[in-house]
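Results of the structural survey
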Amino acid sequence: MKNFARSATTLIAVVGLALSGSALATAAPTTSDARSADAAPVGDHAMGSQIRKHEGGDGRSVVIDTDPGAQAVVYGIDVSGHQGNVDWAYWWNQGKRFAYVKATESTNYRNPYFAQQYNGSYNIGMIRGAYHFALPDRSGGAAQADYFIANGGGWSRDGKTLPGALDMEYNPYGSTCYGLSKAGMTSWVLSFSDRYHARTGRWPVIYTSTSWWNQCVGGDFSSTNPLWVARYATSVGTLPYAWPIYTIWQYSSSPIDQNQFNGAYDRLQALANG
């Protein structure tokens, strides 16, 4: 991380201890927040939903990995409230060995299926993690990191929990970059990332597309945050600014979001273990 970017958040306070990566009890989405009365309500936006809307494509068909332990990559999926109760045995039998589950959006939405999805993937044997859909115009990065951690986005060194992921993509409600300059968006991401690191000891994975990131963000996160890139095609293509490699590639959304970890299973375990 370049010093000029990191210094923007050196005064962020450390709050509390890291929460466990275990799932919290399922709760209905909350609706109150500090936004103006005419602001659009926060809903359930799935990972990549706005990237698909703006960039198109569904990518490759389902990959069935019959021997995950022998592969140079590991296949997984990500889910949100749109999937409801997931048949984890089915996806395990399709060779999926990791999963990311949407936990939160902004500071007032919780996935009502989170417990079934987060615990179910763990119980079937997958390495799993949680993700947060960011709305940078609604509240600060640190506030959204706190909300995420408080509602299932924590991390624990149990060998089966991946660091939380920050979903950065097109604004579902308005201007592409949420009305922020590149410098402003960089500061927002730094605020979220630094708060998450202060509370959990891990840097969050950053999920994004090359097109959106290069348009909206000006900072270099390549030395701290693993990259999860979305591109619905037969190759990963050009990566967002400054990242030399990707950690996860979301290559398809059909019939469910499909992901490929860039490494063998022992490297996925290493990411979980920190």
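Above this text is the structure in question.
A quick note: this is a predicted structure, and the numbers were derived from the prediction, not measured.

**Observations concerning the pattern of salt bridges**
- Enumeration over the complete set of coordinates arrives at four salt bridges.
- Here E105 and K102 are joined by a salt bridge, their closest N and O atoms 2.5 Å apart. Like K102, E105 is buried.
- A network of salt bridges, in which partner residues are shared, links D146, R195 and R199.

**Section: the nonpolar core**
- Grouped together as the largest cluster of nonpolar side chains are 47 residues, with contacts concentrated most on M168, M185, V189, W212, W213 and F221.
- In terms of residue count, helix 6 (residues 182-200) provides more of this core than any other element does, six residues in total.
- Contacts of W213, omitting those with residues within four sequence positions, involve V189, I206, T208, G219, F221, P240, Y241 and W243.
- Among the nonpolar cores identified, the runner-up in size contains 17 residues, and L162, W228, A230 and L268 belong to it.

**Quick look at the layout of surface pockets**
- In this structure, the largest pocket occupies an estimated 240 Å³ of space.
- Together, 15 residues line the largest pocket, and P226, I245, Y246, T247 and L271 are the ones closest to its centre.
- Sorting elements by how many residues they give to the lining of the largest pocket places helix 8 (residues 265-273) first, with three residues.
- When its residues are assigned to classes, the lining of the largest pocket shows nine nonpolar, five polar and one charged.

**Examining the state of the cysteines**
- If you walk through the whole model with that rule in mind, you get one disulfide.
- One disulfide in the model links C177 with C216; its S-S distance is 1.9 Å. On the sign convention where negative means left-handed, the S-S torsion of about -75° between C177 and C216 marks this disulfide as left-handed. Remark: C216 occurs in helix 7 (residues 210-216) and C177 occurs in the loop between strand 5 (165-167) and helix 6; sequence separation between them is 39 residues.
- Relative accessible area serves as the criterion here: at 13%, C177 is assigned to the buried category.
- With a relative accessible area of 1%, C216 lands in the buried category.

What counts, and at which threshold
Residues numbered from 1 in each chain as written. Predicted model: local features only at pLDDT ≥ 70, side-chain atom pairs only at ≥ 80, totals over all residues. Heavy atoms only, no water. Salt bridge = Lys/Arg side-chain N within 4 Å of Asp/Glu carboxyl O. Buried < 20%, exposed > 50% of the residue type's maximum accessible area, 1.4 Å probe, protein only. Core = buried A, V, L, I, M, F, W, Y, C linked by side-chain atoms within 4.5 Å. Helix = DSSP H or I, 4+ residues; strand = E, 2+ residues; numbered from the N terminus. Contact = heavy atoms within 4.5 Å. 1 Å grid on protein atoms, 1.4 Å probe; cavity = no way out; pocket = protein on both sides within 12 Å on 5 of 7 lines; lining within 4 Å. Points joined across faces, edges and corners; volume = space filled by probe spheres on them. Nonpolar A, V, L, I, M, F, W, Y, C, P; charged D, E, K, R; others polar. Disulfide = S-S within 2.5 Å.

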